[in-house]
Structures are given as structure tokens and as C-alpha cells.
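Working through the structure, step by step
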Amino acid sequence: MLTEQQIEDQQEFERKQITGGLERLRSRTQELEEKTYASATVYGSACVNSILPNLIAYIDAKKENAKRQGAHLGAIVNKNLIPVASDLQALLTCKVMFDHVFASRPNKHNCTTIALAVGTAIEGECQMRYYETEAPALLATLKKNYWHQARGTEYKRKCIQTTMHNLNVTPWIAWGKVTKIKVGTFLIDCLMESTKPKDAEEGWFNKELRRKGRKTILVIVPTQLLIKHHDNIMQMAELFSPLAKPMLIPPRNWHALQDGGYYLNDLTRCHQLIRRSKHGLIQGETPYEFINKIQKVSYKLNPFIVEVAKELEERGISVGKFRPVIQHEIPPKPFDIDTNEESRRKWKTEARINYELQKAEVRKSCRTRMTMDVVREFEGKDYFIPWSFDYRGRAYPIPNLLTPQDTDFGKSLILFSEGAKITKKGMEWIKFQLATTYGLDKATMQERLDWIDDYENRAIVERVWRDPVGNIADWENADEPWLFLAACNEWYELHYEHRFHTHLPVAVDATCSGLQILAGLAKDASTARMVNVIGSEKPQDAYATIAAKSMDAIPDRLKPHWDRKVTKRCVMTIPYNAKPFSNRSYIRDAFKEKGVDVDKEELTKCVSAVRSAMNEVVPGAMQVMKWIEQSVTKRIKEGYNEITWITPSGFEVTQRLMKTKSTPIQTQLMGKCQLYIAGAETGVDLKHHKNATAPNLIHSLDASLLHIATTSTNFPIALIHDSVLCRGTDMCKLSSLVRKTYMTLFAEHEPLTDFALAIGAEEQPPIIGDLKPEAVIDSQYFFC
């Protein structure tokens, strides 16, 4: 029972999250304004996106008028603006305008300064497009190799221009300053006019005369209309700015008529039970019981991992997903910098490179720095994680740090607070975790258990435990280095240090969970055997089986290179409705990794062979996928905007996939912008429904399986999509429970028939019927 003091402490902690979120939003906004980059702020990006459609249309109309003008401005427009797309000009104008008008430095507000900046941006795009015509391969290579080091758009342009000049590419004829100002002025006037509401005298911006000493200058300022719009956007952003962190006490329970998770309304309104859903809280009883149960699990930080991370952070050493700030010191100035031109130039080059490398390190280390800040905040404390669902029923933690769904480093920090007395079987699961994270995730169960018995492997674990920083080479190349490090510590202390309780989360995963679900839906024994629903002495390999089945139809030249690696992605993506076109790219890429080129005809034969083999080896899966696509197509064509079904756990899935009017605007120097028209749904997205329904049905069923299984547990458990984590001592119970739940799900229910009724399918679903779901009880590799 929680005390009043505990609740008050949590509420105070949440108040700090709210304050911290506001401070972060405001400081980031101020920082961007100080860097003359206000277009990247919350209000800047929202305003730019809302005004772009009107501005594009207005520029198009003005261009047409200018074509008919004989005046000098008409000539400028015809020569410098008409060759460039209006959407690109509109985007650049908006970006530069917001960057300057909301800049913290007053000298950026000068009308001529802004016009020159707009004209310069347009010229830069024209210049890059000129190089794209003159030397496309060279431009692509330069962008790939050097642009990530560049500080800004002007620096990028200069780099390309200098290199092109040095390689004797025909030079770009630069625009004069007057031309750039005229181009910029034209586009600024378009922006100011296009933002005017109907029958209004002014839009978002105004030109004003201001005295500066003895001079009078013309500046551009935001109007009250834009300031009000700006304030409304920031108020809305502030409502959803609170930080999401783990909790000091168990989260509030979710109920049909009450939000759960955090305690303060300012936080609960930011997080719904079902993410990004317009539908209410009402679900079946089991999903509520499930999510409230996993929210009661208490966690703590792994002190061994924390100490290693702190030492590596202090030394600036990177391992896997752990990326601290690595220092690149600016070299000292040479003694003859004032008199030696060559020495000065060399120092400037080295200083610039190190400066750019340092800035890149700060960007790359962002997540690690955030994680370590939260680690210091929760060190020595037990904590809890609030969870919510996506619209298919899968559970996700609301915080994004110190959770089971973090990076390899983030996951390694986590222990269950409640320990369990280690048993012989529990010790085997610790060995399993040790070998799996090292890289034996495809090995048999016995091979994984035997891994630690090898003298060299045991020596690695001992060295890593005794001095992890001094022996980084022993663990940094493991598949999951930080989880392997955590497993080394757990195994060694349990084995040699006479510790009797385990807290380490051990992860198990389904074998091709999508195909396992499809096997159950179709009751197809052939597919079930391939994905270990039916037991066998060693794990089945569907990829190798399909490679062998398709071998005869493969062109002879390619047979020596044909193996499971080539077919793997084709088989993996069956539940995701991958089409022959996707299969072509998967197979082409697999051959390319082997250094083998294939022509179109050979690729066509390979794809045909693989799909024919898949129809033979996993017939039920292929038939179910085809039936779902056809049935959903008919349903949508009958006029439905969404489809709904209820999973065996009682979770109601609502799939609403609509087309939205959007236009990609690709700039050379400022990247890509996707323009979305607010509220502009143009109808149901049939193609998206066809491709997404089968994967979403599968995900809803694997989520449902975990909903049902978890409600029967009496030990701590965590989730990563369709993977489950628990203590090694509890793994046998969990493994047995998941198998029984799978059996119940497909022996006592007909999920495919229920789905057919839910969507009003005209044709009966393709159920083969030769699988007995109870066979899963004896399958060692169903969930491992």
C-alpha cells in the first residue's frame, strides 16, 4: 500500500519532469533563434508547413504575370526564377524569412539582408542543379563523402564550387548582388501577399522604417496575426512538452473510464492507453489486467554495468551503442603562425577538421549522454515503467530510456528488483543468455549451454568480469556486447562468488513469430514444422529448406552461390506481405554481398523459384496472406474507411489508413521537406490496407498471446514486441505457459474465422487443417 509521502514524492518528481520539458523546449527554441535557424523551431516548422501551399500557388501566378511583362523585373523572373520549381522557391523563402525575422540579432531583420539571403539560397540551388547536369557522378560522390562534415549550406556550396573548379568543370556564372536582391525581394513580396487573409490589409509580415543612429533602415517584422499564431503553437507545444521518465512508485492502473500511468494530469494527457488513436479506452478485461500487471514490475540499475559505463564515459571510449563524447582537441597554434603562410593554412585546416569532428561527436553521443543523465538520477533506486498499447495491442514503455525496449546498452543497465533463488535450470538459462548475446543465437540449445564449458570461452568471461575496461577486445565484438557483459557478471558471480539470487532479465524470442502465427491460423503442419511449432531435435531452418527446394530452378551459373542467406529476407518477409518486386531487391542485394552480379532474366528466374518453393514449403502461410489481401480489398471497395476486429484477449483493433495530400520537396542544400496539407484526407488508402492488414493481424495475435499468457504469471516479466524477458529461474514456467497459450489460442479459437466474420469476408478462409496445435507443447525451439 502506497503512503501519502510516496505519492507526494512521485508527484513532485513529475512536476520536475513538466518543468524540465518546458525548459528544454524553450532553451532549444532560443538556441535555434540565436543561430538564425528559427524555421526549425516548433512554431517555425508548423508555420512554414501551413503557408507553403498558398505560397506555391501565388508564386506560380506571379510567374505567369511576369512572363508577359517587358520590364526589367520580368526579365529577372524569366531568367532566374522560372527555371526553378515554385515549391522549391517557396520552401527556401519561408525558411530564410523565419530564420531572419525571428533571429535574436536585430541586424538580421534588415529587409535588404533578408532579400539577399533568399536570393543567395535560390542561386545555391540553381548552382547545384547546374553541376548535377554538368557532372552528375562527381556531384553525387562529393555529396556522399564530404557534406556530412560541412557546417552549413554556404560552406557546402563553397566546397562543391571549389572542387568543381579544380577539376575543370565549366564554371557556374555567379549572380550579382543586385540580381540576388531582386530575386529575393520578388519572393518576399509573394510571401507577404500570400499570408494575407481575405479582405485583410496585412498578412504575417510587415515592412517598417526604423531609425538606427542617423540612418533609417527598412526592416521586416512579424504582425500581430503571426505573433498570435506563434503563441498558440507554442502553448500547444508546451502542453505536450513534459519529459517521460520511469516512476518511483507503481503507475496508476488503466481502467475503461480512467487514464493510467503517471499521477499528474499534465502528464497523463500526453499519453493515451492506445497511442495515436481517436478511439476510447474501452477494451476487454484481459488487456487491462495485462498492462496493469507489467506496470507493477520493479526494476533497478545494474551496478556492474553502471560502473563500467562511467569509466568508459570518463575515458571517452565507445563500445557498441554506448557513444560518449570523444574529444578532438584543437591543435595548438604554431609559433610562426603570423609569418608563415603555409604553417597558418595547415593549422587552420587541422583546426577546422577537429572542430567539425567535435561537433559530430556531440550529435552522435546524444542518446548516450541522455541515458547517463537518467542513470545518475535513478542510481540506487527502484523504479517502475508505465506502459501503453499501439493500435494492434502490442505494449510499449512510455519512457524511452532505462526500459526493456532500449538499445543494447540501455537494456544492459536493467535488473529486476525482485531476485529469485537460482536453480540448476535457472543457471542453464543464464548460460543460454551468455551464449546468445555473444553470437550463438542460431545455435542449438545444447550448443549454447555448452559454450561456457569451453576453456577459452570461460577464460574470456573471467577476464571480462575481472577487468571489463582493460579487456574490451574480449567483449566489444559480441553480437550484443553490453548484454553479454551483463551476462558475464551474472554468470560469474552466481558460479564463483556464492551469490544465490538472480536479477538478470533473460530474453527469449519466437522462431519467425509471423510464420508461427500464420501456421496456427491456417492449421498448416508444413509451415508449423518449418518454424518449430512442431518439435524436433534441432531448430528447423526454413531459409535453408526453401533454398534447397528452389535450387533446381536456379540458373546454373548462380547455383554455387545459392544458400539460405540469399533466400532469408524473402522468407522473413512473408508475414509482411512482401511482393515479387521486393523479393527481387532482396535477392539482388544478397548476391551483391557475395560479389556476384545478376541480370534481369536471372533475377526473374530466382524470384519465381523462391516463390514456388515457398508455396510448397509454407503453403498455408502463402494462402492466408493472399486471402486476407483479397478479402480486405473487397471490404474497402464496398465503401468502408476502416476495418475492425477483436483479438482472443479482447483487444479491439481499429485499422484506419487514409491517404493524405502530401508533396515531397527535395532541396540540394537544405535536405528534404515533406509537405502535408493539414486535415486533407483524400480518401481511404486501399494499397496501404492491402499491404498492412496481414502484418497487423499477425501482430495483434502475437500481442494477444502475450496478454493471455502474462496474466497467469506470478513473477516479474518484461516485453520487447513479441519477445519476453524474465529471470532465469522463471524461464521454464514462462516457456511452458507460452506454449500452452499458443495451443489454447489455436485449439479453442478460430482466429481466422473470427477475422473473416469481423470484416464480412465473402469467401471462407483457407484453413488446411492438418496441424494439431497441442504439438507445440513438446517443441523445445518454439520459443527460445
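Residues numbered from 1 in each chain as written. Predicted model: local features only at pLDDT ≥ 70, side-chain atom pairs only at ≥ 80, totals over all residues. Heavy atoms only, no water.

1. Digging into unusual backbone geometry
- Notably, Leu 402 is not glycine yet its phi reads approximately 60°, a positive angle.
- Secondary-structure assignment places Leu 402 in the loop between β6 (395–397) and α15 (408–412).
- Positioned with a positive phi, Asn 577 is a non-glycine residue whose angle comes to about 65°. (Helix = DSSP H or I, 4+ residues; strand = E, 2+ residues; numbered from the N terminus.)

2. As for the sheet that holds strand β16 (residues 723–726)
- Strands sit in the order β10-β16-β15 across an open sheet of three strands; the sheet is antiparallel. In the strand order of this sheet, the two ends are held by β10 (506–508) and β15 (718–720), each with one partner. Taken pair by pair, the neighbouring strands of this sheet meet at an average axis angle of 25°, ignoring direction.
- Of the pairings in the sheet, the one linking β15 to β16 comprises three bridges and is antiparallel in character. Of the residues in β16, the one forming a bridge with Ala 718 is Leu 725. (Pairing = 2+ DSSP bridges. Axes fitted to C-alpha atoms, helices over the stretch in contact; angles between N-to-C directions.)

3. Description of the sheet that holds strand β4 (residues 383–384)
- Read across the sheet, three strands follow the order β4-β3-β7 without closing on themselves; strand pairing throughout is antiparallel. With partners counted over all chains shown, the strands left at the sheet margins are β4 and β7 (414–416), one partner each.
- Inspection of the sheet shows strand β3 (residues 298–301) paired to β7 by three bridges, in the antiparallel sense. Within β7, the position partnered with Lys 300 by the bridge is Leu 415.

4. Considering the pairing of β16
- Because side chains alternate across β16, one face comprises the buried residues Ser 723 and Leu 725, and the other comprises Val 724 and Cys 726, equally buried.
- Alignment of β10 against β16, held across three bridges, turns out to be antiparallel. Directly across from Val 506, in β16, lies its bridge partner Cys 726.
- Between β15 and β16, which pair antiparallel and follow one another directly, the connecting turn spans two residues, one of which, His 721, has a positive phi of 60°. (Buried < 20%, exposed > 50% of the residue type's maximum accessible area, 1.4 Å probe, protein only.)

5. Looking at helix α25 (residues 600–617)
- For α25, which comprises 18 residues, the first-to-last C-alpha distance of 26 Å matches the rise-based estimate of 26 Å (1.5 Å per residue) to within 8%.
- Considered for burial, the residues of α25 that qualify are Glu 602, Leu 603, Cys 606, Val 607, Ala 609, Val 610, Ala 613, Met 614 and Val 617. Buried residues along α25 cover an arc of 165° about the axis, so they all sit on one side. In α25, those exposed residues whose orientation departs by more than 90 degrees from the buried face are Lys 600 and Glu 601.
- Where α25 is buried, its residues contact α21 (525–530), α22 (542–550), α23 (564–572), α24 (580–593) and α26 (619–637).
- At the N-terminal boundary of α25, the capping side chain belongs to Asp 599, with an oxygen 3.2 Å from the backbone nitrogen of Glu 601. (Expected span 1.5 Å × (residues − 1). Arc of directions from axis to C-beta. Contact = heavy atoms within 4.5 Å. Polar contact = N/O pair within 3.5 Å; in protein donor to acceptor, adjacent residues only side chain to side chain.)

6. Section: the packing of α26 against helix α29 (residues 751–759)
- Interaxial distance between α26 and α29 falls to 10 Å at its minimum, and their mutual angle equals 15°. In terms of orientation, α26 lies roughly parallel with respect to α29. At the point where α26 passes α29, the crossing takes the left-handed sense. In this structure, α26 contributes Val 624, Trp 627, Ile 628, Ser 631, Val 632 and Arg 635 to the contact, and α29 contributes Leu 752, Phe 755, Ala 756, Ala 758 and Ile 759.
- When grouped by side-chain class, the residues that make up the contact of α26 with α29 number nine nonpolar, one polar and one charged. (Parallel < 35°, antiparallel > 145°, perpendicular 65-115°, else oblique. Left-handed = near helix turned anticlockwise from the far one by under 90°. Nonpolar A, V, L, I, M, F, W, Y, C, P; charged D, E, K, R; others polar.)

7. Considerations on the packing of aromatic side chains
- All told, the structure shown has 28 aromatic pairs when counted by the stated rule.
- Ring centres 5.7 Å apart and planes at 10° place the aromatic pair Phe 98 and Phe 102 in the stacked group.
- Accessibility expressed as a relative area gives 0% for Phe 98, which makes it buried.
- By relative accessible area, which is 14% here, Phe 102 ends up buried.
- Between Phe 322 and Phe 409, the aromatic rings sit 4.8 Å apart at their centres with planes inclined by 70°, giving edge-to-face as the arrangement. Of this pair, Phe 322 sits in the loop between α12 (303–315) and α13 (341–364) while Phe 409 is found in helix α15, placing the two residues 87 residues apart along the sequence. You'll find Phe 322 and Phe 409 in the same group, each marked buried.
- Taken together through their ring pairs, the aromatic side chains of Phe 13, Tyr 299, Phe 378, Tyr 383 and Phe 416 make up a single cluster.
- The ring centre of Tyr 640 lies 3.6 Å from the NZ or CZ of Arg 635, which sits over that ring. (Phe/Tyr/Trp six-rings, centres within 6.5 Å; stacked < 30°, edge-to-face > 60°. Lys NZ or Arg CZ within 6 Å of the ring centre and 35° of its normal.)

8. Points about the nonpolar core
- Counting 151 residues, the largest nonpolar core has Trp 475, Trp 482, Ile 574 and Ile 587 as its most contacted members.
- Setting aside its immediate chain neighbours within four residues, Trp 475 contacts Val 308, Leu 312, Val 319, Val 464, Pro 468, Pro 481, Trp 482, Phe 484 and Leu 485. (Core = buried A, V, L, I, M, F, W, Y, C linked by side-chain atoms within 4.5 Å.)

9. Digging into the pattern of salt bridges
- All told, the structure shown has 36 salt bridges when counted by the stated rule.
- Across the pair Glu 341 and Arg 345 runs a salt bridge whose closest N-O atoms are separated by 3.4 Å. With Glu 341 and Arg 345 both in helix α13, this residue pair falls four residues apart, about one helical turn.
- For Glu 341, a relative accessible area of 41% corresponds to the partly exposed category.
- With a shortest N-O distance of 3.4 Å, Lys 634 and Glu 763 are connected by a salt bridge. Separated by 129 residues along the polypeptide, Lys 634 in helix α26 and Glu 763 in the segment after α29 bring together distant segments of the chain. (Salt bridge = Lys/Arg side-chain N within 4 Å of Asp/Glu carboxyl O.)

10. Side note on a nonpolar patch on the surface
- Residues Met 236, Leu 239 and Phe 240 make up a contiguous nonpolar surface patch of roughly 280 Å² in combined accessible area.
- As for its placement among the helices and strands, Phe 240 is situated in the loop between α9 (224–239) and α10 (265–268). (Patch = residues over 30% accessible without salt bridge, like charges linked within 9 Å, V, L, I, M, F, W, Y side chains within 5 Å. Areas by Shrake-Rupley, 256 points an atom, 1.4 Å probe, with all protein chains shown as cover.)

11. Comments concerning the environment of Ala 621
- Assignment of secondary structure puts Ala 621 in helix α26.
- On the basis of relative accessible area, Ala 621 is assigned to the buried category, the value being 0%.
- The spacing of Ala 621 and Ala 519 is 102 residues in sequence and 6.2 Å in space, taken between C-alpha atoms.
- Apart from residues no more than four positions distant in its own chain, Ala 621 is found in contact with Leu 515, Leu 518, Asp 524, Thr 527 and Ile 574.

12. Topic: the packing of helix α20 (residues 513–522) against helix α27 (residues 686–710)
- One way to put it is that α20 packs onto α27 with a least axis distance of 10 Å and a crossing angle of 90°. In terms of orientation, α20 lies roughly perpendicular with respect to α27. For the pair formed by α20 and α27, the contact residues are Ser 513, Gly 514, Ile 517, Leu 518 and Leu 521 on the first element and Leu 697, Ile 698, Leu 701 and Asp 702 on the second.
- Here the residues of the contact of α20 with α27 sort into six nonpolar, two polar and one charged.

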